[in-house]
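# Chain and residue survey
Spelled out, the chains give:
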Amino acid sequence: MGLHLSQSKLKMEDIKEVNKALKGHTWLKDDEATHCKQCEKDFSISRRKHHCRNCGHIFCNTCSSNELALPSYPKPVRVCDSCHTLLLQRCSSTAS
């Protein structure tokens, strides 16, 4: 149990570290995005805009359907595919 808690704290520290590295990003306003940052498909009534809670960019649902616990949020939140991959790689590399 204690070991699991220690690993959990380590992962949270790694996420905080990655978050600091990405802090230069700003939260984009909805009207600043006409298409998904990743797949570049245009937004429409059926393809809605979603902010990545880590980098602040705007993505479609397909490119931001992941959720992760971030230090600045009390429960798991939406993150884009790029941030999801980056944060998971960072956490798994330190868990080894």
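Before going further, it helps to spend a moment on unusual backbone geometry. Positive phi values are uncommon outside glycine, yet E40 reaches one of about 65°. Position of E40 among the secondary structure elements: in the loop between α1 (2–21) and β1 (50–51).

Now for the nonpolar core. By size, the foremost hydrophobic cluster in this structure holds 16 residues, and its most contacted members are C52 and F59. Counting only elements with at least two residues in this core, the list comes to β2 (58–59), β4 (77–79) and α2 (81–95). Beyond its immediate stretch of four places on either side in the chain, C52 contacts W27, H57, F59, R78, V79, C80 and C83.

Attention now goes to the state of the cysteines. Counting across every chain of the model gives zero disulfides. With no disulfide of its own, C52 has C55 as its nearest cysteine by sulfur position, at a separation of 3.7 Å. Residue C52 is classed as buried on the basis of its relative accessible area of 0%. C80 forms no disulfide, and the closest cysteine sulfur to it belongs to C83, at a distance of 3.6 Å. According to the relative accessible area criterion, C80 is buried, its value standing at 1%.

Another aspect to go through is the side chain of N66. On the secondary structure map, N66 appears in strand β3 (residues 66–68). In terms of polar contacts, N66 uses its side chain to reach the side chain of D81, at 2.8 Å. Contact partners of N66, with chain neighbours within four places excluded, come to V77, R78, V79, C80, D81 and H84.

Rules of the game
Residues numbered from 1 in each chain as written. Predicted model: local features only at pLDDT ≥ 70, side-chain atom pairs only at ≥ 80, totals over all residues. Heavy atoms only, no water. Helix = DSSP H or I, 4+ residues; strand = E, 2+ residues; numbered from the N terminus. Core = buried A, V, L, I, M, F, W, Y, C linked by side-chain atoms within 4.5 Å. Buried < 20%, exposed > 50% of the residue type's maximum accessible area, 1.4 Å probe, protein only. Contact = heavy atoms within 4.5 Å. Disulfide = S-S within 2.5 Å. Polar contact = N/O pair within 3.5 Å; in protein donor to acceptor, adjacent residues only side chain to side chain.

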